[in-house]
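The primary structure of each chain is shown beneath.
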Amino acid sequence: MLFGIPKKLLLGYVALAIFMAGDGFDLTFLSHFLVVEQGFAPTSAGAVFTVYGLLAGFSAWTTGVLAERYGAKRLMLIGGVSWIILHIIFLTIGLGSPLAAILTYGLRGLSYPLFMYSFVVLIATSVPPARLASAMGWFWTAFSFGLGTLGAYLPSLTVPQIGELGTLWLSPVFVAAGTILCAIGVPSHTRPSADEGEDNIRELLRGVTILVENPQIARAVVIRVLCNITMYGFPMLMPLYLTGKIADSREWYTQEEWMRAWALMSAICLVANVVWGRLGDKFGWMRQMRWFGFGGMILATLAFGYGPRLSEGSDLALLGAAVLFGCSVTAFVPMGAIFPALAPNHPGAAISAHNLASGLTTFIGPGIATVLLPLIGPQGVLWTYCGLFLLGFALTFIIRPYQPGITDETGRSLPRAERANARA
């Protein structure tokens, strides 16, 4: 291990960061490009993101089983190659009409989970359990650095030079580089036997049936969906809202200023992920998610919505909202531990349910804006997000995972003296 990173997977982490940078190039400006440059209606641009998220959710749910059955490295390479092909089809054919864009960009949503979640399988099967948490922490750091930091900051430099379409053509270069590095530096994953494959399929199906069998898992799925709705909804909404391209908005900022603010948010996440992980283990997962996660996200959403309006486009207001967003959204890092803790006898099914929820949030987040924007305007969408965060806040009171040193096996909080003894 190198600072918690498995040495044999080191190039895989680098490949993931580079791949996700290319995948994230269009995240902060695609809705702006489709509406302003291509003449799509805002609802059509929203539909592009919504269908993309729906198919990404399906892919995320199935990738774990496919990687176990056919090999994680093989699936990563399939994801990389298919991403490049589908992205080129989107740029050459998909921009011709809203329907073509929805279909081609939506299909591209199947590809990145193949790369991303297959690497999760590779980590889980290659790293000793005692060191798995550290290895997974670095996975999320590589993911955030690629998708959020590089994926948002580099386009803020290239868009003024080569335009939004030129930047879209640049993203396959990064995806190809990540895929090539995967082919060279990621070890192969042994394919399981046919019986093991059948067990994996049953475990995948249990990832849905467990929602009925275990109400705690069902509630956790709702929380997992809600905690990231603005993480995926804002890249569709804010490029239009902050630059004055939709009703009830003004040109408070340029497209590049918005992209740099989102890059700052992602940079904050790199550090905050580690900090919140340690604090959650010490003081309690649910308590942290309740007050600092959902509570913080309500404040961050309102800061993005009203800060520019009240300050007349102050840079400090935008950057402050981005910092608050990054510090709040990372308070949900315990979600990956909560699911298996709620179903210790079926951890695979619990993780499948977690992956399904992770994918659905990429669909529901922009879907809310797509449906409600023409009905209640951007301010109404923002308050809808806040209302859903309030729902998540309430749900944290009725989810009780077993957390050693914090709760007993029924999920009840331990007295303070017992917590100290448990951690001693």
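Refer to the preceding data block for the structure.
Residues numbered from 1 in each chain as written. Predicted model: local features only at pLDDT ≥ 70, side-chain atom pairs only at ≥ 80, totals over all residues. Heavy atoms only, no water.

Caption draft 1: Quick peek at the environment of Pro 172. Examined against the element boundaries, Pro 172 turns out to sit in helix H7 (residues 132-185). On the basis of relative accessible area, Pro 172 is assigned to the buried category, the value being 11%. As a C-alpha pair, Pro 172 and Ile 88 span 84 residues in sequence and 8.2 Å in three-dimensional space. Discounting residues that sit within four places of it in the chain, Pro 172 has contacts with Trp 83, Ile 84 and His 87. (Helix = DSSP H or I, 4+ residues; strand = E, 2+ residues; numbered from the N terminus. Buried < 20%, exposed > 50% of the residue type's maximum accessible area, 1.4 Å probe, protein only. Contact = heavy atoms within 4.5 Å.)

Caption draft 2: How the structure looks around helix H14 (residues 335-342). Every buried residue of H14 is accounted for by Met 335, Ile 338, Phe 339 and Leu 342. Projected down its long axis, H14 carries its buried residues within an arc of 100°, all on one side. (Arc of directions from axis to C-beta.)

Caption draft 3: Highlighting the side chain of Asp 23. Mapped onto the fold, Asp 23 is located in helix H1 (residues 10-24). At 2.7 Å, the side chain of Asp 23 and the side chain of Trp 83 are in polar contact. Ignoring anything within four residues of it in the chain, the contact list for Asp 23 reads Tyr 52, Trp 83, Arg 108, Tyr 112, Leu 147 and Val 175. (Polar contact = N/O pair within 3.5 Å; in protein donor to acceptor, adjacent residues only side chain to side chain.)

Caption draft 4: Broad picture of unusual backbone geometry. Look at Asp 248: it is not a glycine, yet its phi comes out positive at around 60°. Following the sequence through the fold, Asp 248 ends up in the loop between helix H10 (229-241) and helix H11 (255-283). Phi at Glu 312 takes a positive value of approximately 55°, unusual for a residue other than glycine. Counting through the fold element by element, Glu 312 comes out in the loop between helix H12 (285-311) and helix H13 (315-329).

Caption draft 5: Here's a closer look at a nonpolar patch on the surface. Judged by side-chain polarity, Val 81, Ile 85, Ile 89 and Ile 93 come together as a nonpolar surface patch covering roughly 340 Å² of accessible area. Within the fold, Ile 85 resides in helix H4 (residues 72-92). (Patch = residues over 30% accessible without salt bridge, like charges linked within 9 Å, V, L, I, M, F, W, Y side chains within 5 Å. Areas by Shrake-Rupley, 256 points an atom, 1.4 Å probe, with all protein chains shown as cover. Salt bridge = Lys/Arg side-chain N within 4 Å of Asp/Glu carboxyl O.)

Caption draft 6: Geometry of the packing of aromatic side chains. Within this structure, the stated rule accounts for 23 aromatic pairs. For the pair Phe 234 and Phe 325, a centre-to-centre distance of 5.8 Å together with 40° between the ring planes defines the contact as tilted. Of this pair, Phe 234 sits in helix H10 while Phe 325 sits in helix H13, and the two are 91 residues apart along the sequence. Looking at Phe 234, the relative accessible area reads 0%, which means it is buried. Phe 325 sits in the buried class, given a relative accessible area of 0%. An aromatic cluster of three or more residues is present, and its members are Phe 234, Trp 258, Trp 262, Phe 304, Phe 325 and Tyr 385. Taking the ring centre of Phe 397 as reference, the NZ or CZ of Arg 290 above it sits at 4.0 Å. (Phe/Tyr/Trp six-rings, centres within 6.5 Å; stacked < 30°, edge-to-face > 60°. Lys NZ or Arg CZ within 6 Å of the ring centre and 35° of its normal.)

Caption draft 7: View of the pattern of salt bridges. Summed over the entire model, instances satisfying the criterion amount to four salt bridges. Notably, a salt bridge pairs Arg 250 with Glu 312, separated by 3.0 Å at the nearest N-O pair. With Arg 250 in the loop between H10 and H11 and Glu 312 in the loop between H12 and H13, this pair connects stretches of sequence that are 62 residues apart. Each member of the salt-bridge network shares a partner with another, and the members are Asp 23, Asp 26 and Arg 108.

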